[in-house]
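Tertiary structure, described
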Amino acid sequence: MPRFTVHIRDEWLAVPCRDTTNTIRWLGQEALKRYIKNKPDNGGITSVKDTRFVVRRCQGLGLLDAMTPSRKSNSLINQIKIPLLPAIEGDTMSPDFIPCEPGVASLSAAYKEPKEYISLDGNSLTSTDLVDLGKGVYKIKLTTEAERKVVQSRELLDTIVKENKVVYGITTGFGKFARTVIPVSKLKELQENLVRSHSAGVGNPLSPERTRMLLALRINVLAKGHSGISLETLHAMIQAFNASCLSFVPEKGTVGASGDLAPLAHLALGLMGEGKMWSPKSGWADAKYVLEAHGLKPVSLRPKEGLALINGTQMITSLGAEAVERALAIARQADVIAALTLEVLKGTTKAFDSDIHSLRPHPGQIEVALRFRSLLDSDHHPSQIAESHRFCDRVQDAYTMRCCPQVHGVVNDTIAFVQNIINTEINSATDNPMVFAERGETISGGNFHGEYPAKALDFLAIAVHELASISERRIERLCNPSLSELPAFLVTEGGLNSGFMIAHCTAAALVSENKVLCHPSSVDSLSTSAATEDHVSMGGWAARKALRVIEHVEQVLAIELLAACQGIEFLRPLRTTTPLEKVYELVRSVVKPWIKDRFMSPDIEAVHRLLIDQKVWDVAKPYIYKYQSEYIPESRPISPTAFSLESPASPRKRIHHE
């Protein structure tokens, strides 16, 4: 009797079908009956008969009509061995839905097969490229030189096996079993058992974007030609990537020492046709069916190939690449947001004078001060708000405004430091043993140890957190009428309306949570593998919590940007500088001013999305770059925050800081 595998709300149900003339509607209803049978509330479904749903095949995105005879679908399904995917009407995600994890869910929501290719050689991939690969911007191909090196490396391994030499991981067991020699007849089973036994991760799976990054980075490292992978297996991995057939990879389980063993084993398990896989065309299904649906075959592992697939720091590094790219984006935009807040709080630009920062010439500090001047220069970009308080009696601003170049600056310098380490790691061979075809040797070493990216990502989290820490204090100044000269909590009819009161609490909560997350994971180590791996990096957690810290920073700055724009409403009809007005207009394109209290979470998420998409930076960037590149005198307006015995000297020409 034919049995159909039906997928409803992430559950798989087997539906027997005696009469193959039954329709697809019948099949969906039968599956739905089985679905609600074990649900206390019937899954929220009141009537199976009245439920409307759509069905699509896993191969292609073409819809099957509900009245299509299942006999026709039966022959199709038996031929390509893939499940049907009914979706109950109302469960389908709205195209306007913003995923809970911004920046990483676009692939699964609306995947479009890329037409462009990126050539990998193991030496030239960048963090920006890797994030683009995760987003589905490119397909992958190998360079000719990379293919030559892979073939040469594999030939040496085949010689080792042919001559029955004893080499770790090729003809021996692993870890504590390194002295156990395995018969040649068992070498294929050895590699398969390695992948199966090491697929012991737990937790939620990595998103499709992050799994693509992980797979792409593993391909890049293998392309260096020092891991002993066969060209056939590497091509199979590339075909899976290009078809976006992605293994189920739990996010937890790596200690980041002998590589990210558990996550990479899960990645390899799907390629072997075992476990679960996902593709845009099939959704989640058994790996062998997903591969078959795309015309692909499971890889058959040769000696050392299982070890080559699972040994390395690619999970730490791929997540680290996303973290450093998002950190770079939010750090730039933090300068723009802080400049807008300074305008609303009627601060002075005197603290950003280039002579001050030349006396403490940290690159990040100088760059941030220059960005502030480029956005706030009262000669180049006249500001009515700045002119309105030009001769006030305030002597100097609070640290949260005055010290932005110093605080934001070290964040920029730390990001540059971490980006250099991540980009080096992206193009590093982190396998063991390493294969040196030219020398005719395999050498056991420790390149798999994740201490470099682990330490760097701990530094990144600590540094980027400060953007949220100082931002939360600026939000307090915006909301506190004794500090801002604005209405309490930035709303009229206070008391009846609470305005930004709890939005500030949310920012405070995120900052406090970050303080715990910033505790470095790389200071910890637990001995594993019977004391063979007796010092580990804990880099997987370093990468995951760095991403969480950065997301919190983005959300806090989104709240500050909302609050600053709301503050401008109370300063109208005065206008700020041209670039900051453009930022204000961008925010108002997605969030209206607050007249009275309303549901605030969507507003915060909408502005968070602007930051994720770097739209705030895109608006401000042309003005910043133009100001930096033009030969313009530095504006030094008279201000009560600066004292001079005589009239200021004529403006000096500004030096362009690279």
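What counts as what
- Throughout, a residue's number is its position along its own chain's written sequence, starting from 1.
- It should be noted that, the model being predicted, local features are given only for residues of pLDDT at least 70 and side-chain atom pairs only at 80 or more, the latter also being counted only at that level, while totals for whole chains, interfaces and linings use all residues.
- Each side-chain value is worked out from all heavy atoms of the structure, with water and hydrogens disregarded.
- UniProt positions are given in the numbering used here, feature names are shortened, and annotations may be inferred rather than shown by experiment.
- Strands are runs of DSSP state E lasting at least two residues, helices are runs of H or I lasting at least four, and both sets are numbered from the N terminus onward.
- The rule is simple: take the accessible area with a 1.4 Å probe, protein chains only, and divide by the maximum for that residue type; under 20% is buried, over 50% is exposed, in between is partly exposed.
- Residue contacts are counted whenever heavy atoms from the two residues lie within 4.5 Å of one another.
- Per-residue and other accessible areas were derived by the Shrake-Rupley procedure at a 1.4 Å probe size, with only the shown protein chains allowed to occlude residues.
- Angles run from 0 to 180 degrees between N-to-C directions of axes, and those axes are lines fitted to C-alpha atoms, restricted for helices to the stretch in contact.
- Roughly parallel means an angle under 35 degrees; roughly antiparallel, over 145; roughly perpendicular, 65 to 115; everything else is oblique.
- Take the far helix as your reference; a near helix turned counterclockwise from it by less than a right angle gives a left-handed crossing, and one turned clockwise gives a right-handed crossing.
- Note on aromatic contacts: the rings of Phe and Tyr and the six-membered ring of Trp form a pair at centre separations within 6.5 Å, being stacked when their planes are under 30 degrees apart, edge-to-face when over 60 apart, and tilted otherwise.
- Definitions used for this entry: grid spacing 1 Å over protein atoms alone; cavity, a set of points where a 1.4 Å probe fits but cannot get out; pocket, an open set with protein on both sides within 12 Å along at least 5 of 7 lines; lining residue, one with an atom within 4 Å of a point.
- Grid points are joined across faces, edges and corners, and a volume is the space filled by probe spheres set on the points.
- Residue type decides the class: Asp, Glu, Lys and Arg count as charged, Ala, Val, Leu, Ile, Met, Phe, Trp, Tyr, Cys and Pro as nonpolar, and the leftover types, Gly among them, as polar.
- Two strands qualify as a pair provided DSSP detects at least 2 bridges between them.
- By convention, orient the strands away from the viewer: a clockwise path from the first strand over the helix to the second makes the crossover right-handed.
- Per-residue confidence from the prediction method is given by pLDDT, with values spanning 0 to 100.
- Definition used in this section: a nonpolar core is a set of buried Ala, Val, Leu, Ile, Met, Phe, Trp, Tyr and Cys residues joined via side-chain atoms within 4.5 Å.
- The term salt bridge refers to a side-chain nitrogen of Lys or Arg lying within 4 Å of a carboxyl oxygen of Asp or Glu.
- Think of a polar contact as two N or O atoms within 3.5 Å of one another; within protein, one of them needs to be a possible hydrogen donor and the other a possible acceptor, and neighboring residues in sequence only count if both atoms come from side chains.

The name given to the protein chain in an unreviewed UniProt entry is Histidine ammonia-lyase, with the source organism recorded as Channa striata. Word for word, the UniProt comment on the protein chain under Sequence similarities (unreviewed entry) is "Belongs to the PAL/histidase family." Under the UniProt heading Catalytic activity (unreviewed entry), the note attached to the protein chain is "L-histidine = trans-urocanate + NH4(+)".

1. Describing the overall build of the protein chain
The helix and strand inventory of the protein chain stands at 24 helices and 14 strands. Within the protein chain, the proportion of its 658 residues that are buried is 55%. The long-range share in the protein chain, meaning contacts at least 24 apart out of those at least 6 apart in sequence, stands at 76%. Accessible surface, the protein chain as shown: approximately 28900 Å² in total, 54% of it carbon and sulfur.

2. Let's talk about the packing of helix α18 (residues 451–479) against helix α21 (residues 539–569)
Following both chains from N to C, one finds α18 and α21 inclined at 20°, their axes separated by 8 Å at the closest point. Considering their axes alone, α18 and α21 lie roughly parallel with respect to each other. In this structure, α18 meets α21 at a crossing whose hand is left-handed.

3. As for the environment of His504
Assignment of secondary structure puts His504 in helix α20 (residues 501–517). Remark: the alpha-carbon pair of His504 and Val556, spanning 52 residues in sequence, is separated by 8.6 Å. The contact partners of His504, leaving out residues within four places of it in the chain, are Glu472, Arg473, Ile475, Glu476 and Cys479.

4. Re the packing of aromatic side chains
Within the structure shown, the criterion is met by 5 aromatic pairs. Ring geometry for Phe352 and Phe372: centres 4.6 Å apart, planes at 35°, overall tilted. Taken together, the residues Phe352 in the loop between α12 (314–344) and α13 (354–358) and Phe372 in helix α14 (residues 363–376) connect sequence positions 20 residues apart. A relative accessible area of 1% places Phe352 in the buried class. Accessibility expressed as a relative area gives 0% for Phe372, which makes it buried. Between Trp617 and Tyr625, the ring centres sit 6.2 Å apart and the planes meet at 80°, which makes this aromatic pair edge-to-face. Given the relative accessible area of 3%, Trp617 is considered buried.

5. A look at the layout of surface pockets
Quantified by volume, the second largest pocket comes out at close to 580 Å³. In terms of lining, the second largest pocket is formed by 30 residues, of which the most central are Gly175, Ser258, Leu261, Ser529 and Glu533. Breaking the lining of the second largest pocket down by element, the ones donating at least two residues are α6 (187–198), α9 (261–271) and α11 (305–310). Taken together, the residues of the lining of the second largest pocket sort by class into 12 nonpolar, 15 polar and 3 charged.

6. Some remarks on the environment of Pro16
By the secondary structure assignment, Pro16 is in strand β2 (residues 11–16). Owing to a relative accessible area of 24%, Pro16 belongs among the partly exposed residues under this scheme. Residues Pro16 and Ala31 lie 15 residues apart in sequence; the distance between their C-alpha atoms is 9.6 Å.

7. What to know about the pairing of strand β6 (residues 116–120)
The side chains of a regular strand alternate, first on one face of the sheet and then on the other. As defined by bridge partners, β6 adjoins strand β7 (residues 138–142) across 5 bridges and the pair is classed as parallel. Across the sheet, residue Tyr117 finds its bridge partner in β7, namely Lys139. Between the parallel pair β6 and β7, the chain is carried across by helix α4 (residues 127–135), and the sense of this crossover is right-handed.

8. A closer look at the sheet that holds strand β12 (residues 283–286)
Taken in spatial order, the 3 strands of this open sheet run β9-β11-β12, and their pairing is antiparallel. A single partner strand is all that each edge strand has here, and the edge strands are β9 (246–247) and β12. Judged from the 4 bridges that link them, strand β11 (residues 276–279) and β12 form a sheet pairing that is antiparallel. By the bridge assignment, Ser279 is partnered in β12 with Gly283.

9. Some points on the confidence of the model for the protein chain
Per-residue pLDDT for the protein chain has a mean of 86; in total, 86% of the residues score no lower than 70. Ignoring residues within four places in sequence, the model shows residues 70–107, a span with pLDDT below 50, making 97 contacts including any to other chains.

10. A short note on the nonpolar core
Among the nonpolar cores identified, the biggest contains 156 residues, and Ile219, Leu457 and Val464 are the most heavily contacted of them. In contact with Ile219, other than residues within four places in its own chain, are Leu120, Ile140, Leu142, Leu234, Met237, Ile238 and Phe241. In terms of nonpolar packing, the next biggest core, distinct from the first, is built from 13 residues, Cys17, Ala31, Ile36 and Ile45 among them.

11. A word on the pattern of salt bridges
With the rule as written, the count across this model stands at 28 salt bridges. Across the pair Lys304 and Asp431 runs a salt bridge, and its minimum N-O distance is 2.9 Å. With Lys304 in the loop between α10 (287–293) and α11 and Asp431 in the loop between α17 (404–426) and β13 (434–436), this residue pair connects regions lying 127 residues apart in the sequence. By the burial criterion, Lys304 is buried, and Asp431 matches it. Ionic pairing is found between Arg588 and Glu569, a salt bridge with its closest N-O pair at 2.9 Å. A residue pair is termed long-range when its members are at least 10 positions apart, and Arg588 in helix α22 (residues 578–588) and Glu569 in helix α21 qualify at 19 residues. Among the residues examined, Glu569 registers a relative accessible area of 23% and is labelled partly exposed.

12. A look at the side chain of Gln314
Within the element layout of this structure, Gln314 appears in helix α12. At 3.1 Å, the side chain of Gln314 forms a polar contact with the side chain of Thr430. Sequence-distant contacts of Gln314, that is, excluding residues within four places in its chain, are made with Leu214, Leu217, Arg218, Val221, Asp260, Leu264 and Thr430.

13. Re α9
Across the 11 residues of α9, 11 count as buried, placing the element largely inside the fold. Where α9 terminates, the next one or two residues include Gly273, which has phi positive at roughly 85°.

14. So, the environment of Asp458
Tracing the backbone shows Asp458 in helix α18. On the basis of relative accessible area, Asp458 is assigned to the buried category, the value being 1%. Distance from Asp458 to Val418, taken between C-alpha atoms, is 9.6 Å for residues 40 residues apart in sequence. When sequence neighbours within four positions are dropped, the list of residues in contact with Asp458 reads Pro520, Ser521, Ser522, Ala542 and Lys545. A polar side-chain atom of Asp458 sits 3.2 Å from the main-chain amide nitrogen of Ser521.

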